[in-house]
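Read off the chains here:
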Amino acid sequence: MKTFRVLMASAFSVALGVALAGPAMAQTKEWKEIRIGTEGAYPPFNNLNAKKELEGFEIDYMNDLCANKLKVKCTWVVQDWDGIIPALLSNKYDVIVAGMNATPERQKRVDFSDVYTRTPVAMVGAKSITSTDISPAALKGKAIGAQGSTIHMNFLEAHYKDSTARPYPTQEEANLDLLNGRLDYIVADLEALETFVNGKGKDCCKIISKVTRDPQIHGPGVGMAIRKGETALKAMLDKAIAESKTDGTLDKHAAKWLGKKAIE
């Protein structure tokens, strides 16, 4: 019996030690490879080009951080927007870098790095529109498109109840419906809309007005989303982002792809 009690006590001590060490071990995980989820359908932030290669501001920026600041191997995973957070939570990848604003609602499900970009929101409409009034009263009865499951659709649903808010799987599909006259307006990040009106929409459409940000809907800006509790990964990302702001790395990539500073 004495031997049995000693063995039981020893086993209990080992189990207790593992249980107590578990959180600490998780927090001090050594990251040698990071899998990054992105949409690949939101130029100029992230996009699959004609060769099915990822390109854009976030792609170049994150690749730079991986190589020169994080010093880890990074691999990209393309994921449809409406499943991008569930795929993170199911461990398909470790971080989301996809123009995702760190909204209060999203922070209930995931953690975010520090903000690395914050750019204006705007509405685009036909060139024939003469008024810059985009208030809910002025747009009563109008059909307004936005990518579904985004801050832009949330904004329409919250403030434009007397308009017809139409969600789209991708920004490109919303753009095409405006181009073909099936929408009166679309709303998105200004840089994404500039890419559209300077490209496919150059003959039909123009930027009507910037949108006043709603802090509860738009949040403080775009961050990298990670699973809750990944404190070591968050610390690494925050440190790399801070260094990139100081040494000009962030704004170098923003100037190339956005034509302006990363945070405005």
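The structure this text deals with has already been given above.
We now turn to the structure provided with this report. Keep in mind that what you see is a predicted model, and the values were worked out from it rather than measured. (Residues numbered from 1 in each chain as written. Predicted model: local features only at pLDDT ≥ 70, side-chain atom pairs only at ≥ 80, totals over all residues. Heavy atoms only, no water.)

## A short note on the packing of helix α2 (residues 57-70) against helix α8 (residues 231-247)
Relative orientation and spacing of two packed helices are given, respectively, by the angle between their axes and the distance between those axes.
Piece 1. Orientation of α2 relative to α8, taken along the N-to-C sense of each, is 100 degrees, at an axis distance of 10 Å. Taken together, the axis directions place α2 and α8 in an arrangement best described as roughly perpendicular. In contact with Tyr 61, Met 62, Leu 65, Lys 69 and Leu 70 of α2, α8 contributes Met 236, Leu 237, Ala 240, Ile 241, Glu 243, Ser 244 and Asp 247.
Piece 2. Grouping the amino acids of the contact of α2 with α8 by side-chain chemistry returns 8 nonpolar, 1 polar and 3 charged. (Axes fitted to C-alpha atoms, helices over the stretch in contact; angles between N-to-C directions. Helix = DSSP H or I, 4+ residues; strand = E, 2+ residues; numbered from the N terminus. Parallel < 35°, antiparallel > 145°, perpendicular 65-115°, else oblique. Contact = heavy atoms within 4.5 Å. Nonpolar A, V, L, I, M, F, W, Y, C, P; charged D, E, K, R; others polar.)

## Notes on the nonpolar core
Piece 1. Within the largest apolar cluster, 44 residues are counted, with the highest numbers of intra-cluster contacts made by Ile 34, Phe 57, Met 62, Leu 70, Tyr 116 and Met 224.
Piece 2. Sorting the residues of this core by element identifies β1 (33-38), α2, β8 (121-126), α5 (171-179), β11 (185-189), α6 (190-197), α8 and α9 (249-257) as the ones contributing at least two each.
Piece 3. In terms of residue count, the dominant contributor to this core is α2 (6 residues).
Piece 4. Look past the residues within four positions of Leu 70 in its chain and what remains in contact with it is Ile 34, Met 62, Leu 65, Met 236, Leu 237 and Ala 240.
Piece 5. Counting 17 residues, the second-largest nonpolar core is a separate cluster that includes Met 123, Ile 134, Val 187 and Ile 217. (Core = buried A, V, L, I, M, F, W, Y, C linked by side-chain atoms within 4.5 Å. Buried < 20%, exposed > 50% of the residue type's maximum accessible area, 1.4 Å probe, protein only.)

## A few points about the sheet that holds β8
As a general point, the strands of a sheet are linked pairwise by backbone hydrogen bonds and lie either parallel or antiparallel.
Piece 1. With respect to topology, 5 strands assemble into an open sheet ordered β10-β9-β11-β8-β12, the strand pairing being mixed. Strand pairing shows two members of the sheet lacking a second neighbour, β10 (164-168) and β12 (205-211), which therefore form its edges. Within this sheet the neighbouring strands show an average axis-to-axis angle of 30 degrees, counted without direction.
Piece 2. Sheet analysis places β8 next to β12, joined by 6 bridges and oriented antiparallel. Note that in β12 the partner of Val 121 across the bridge is Val 211. (Pairing = 2+ DSSP bridges.)

## Digging into the packing of aromatic side chains
Piece 1. This model, assessed by the stated rule, comprises 5 aromatic pairs.
Piece 2. With 6.3 Å between their ring centres and 70 degrees between their planes, Phe 45 and Phe 57 make a pair best called edge-to-face. You can see Phe 45 sitting in the loop between β2 (41-42) and β3 (46-48) and its partner Phe 57 sitting in helix α2, a full 12 residues away along the chain. Of the two residues, Phe 45 and Phe 57, neither departs from the other in class, the shared state being buried.
Piece 3. Geometrically, the ring pair formed by Tyr 61 and Tyr 116 is tilted, given 5.7 Å between the ring centres and 35 degrees between the ring planes. (Phe/Tyr/Trp six-rings, centres within 6.5 Å; stacked < 30°, edge-to-face > 60°.)

## A closer look at the side chain of Asp 177
Piece 1. Looking at where Asp 177 falls in the secondary structure, it is placed in helix α5.
Piece 2. Taking the relative accessible area as the measure of exposure, Asp 177 reaches 15% and is therefore buried.
Piece 3. Polar side-chain contacts of Asp 177 include one of 2.6 Å to the side chain of Tyr 168.
Piece 4. Dropping the residues within four chain positions of it, Asp 177 is found in contact with Tyr 168, Arg 182 and Leu 183. (Polar contact = N/O pair within 3.5 Å; in protein donor to acceptor, adjacent residues only side chain to side chain.)

## So, α6
Piece 1. With 6 of 8 residues buried, α6 lies mostly within the body of the structure.
Piece 2. Considered for burial, the residues of α6 that qualify are Leu 190, Glu 191, Ala 192, Leu 193, Phe 196 and Val 197.
Piece 3. In this structure, the buried residues of α6 make contact with β2, β8, α5, β11 and β12.

## Examining the state of the cysteines
Piece 1. Summed over all chains, the structure comprises 2 disulfides.
Piece 2. The residue that forms a disulfide with Cys 66 is Cys 74, at a sulfur-sulfur distance of 2.0 Å. Its S-S torsion of approximately -85 degrees makes the covalent link between Cys 66 and Cys 74 left-handed.
Piece 3. Judged by relative accessible area, which is 4%, Cys 66 ranks as buried.
Piece 4. Under the relative-accessibility criterion, Cys 74 is labelled buried at 17%. (Disulfide = S-S within 2.5 Å.)

By themselves, these observations are geometric and do not establish any function.
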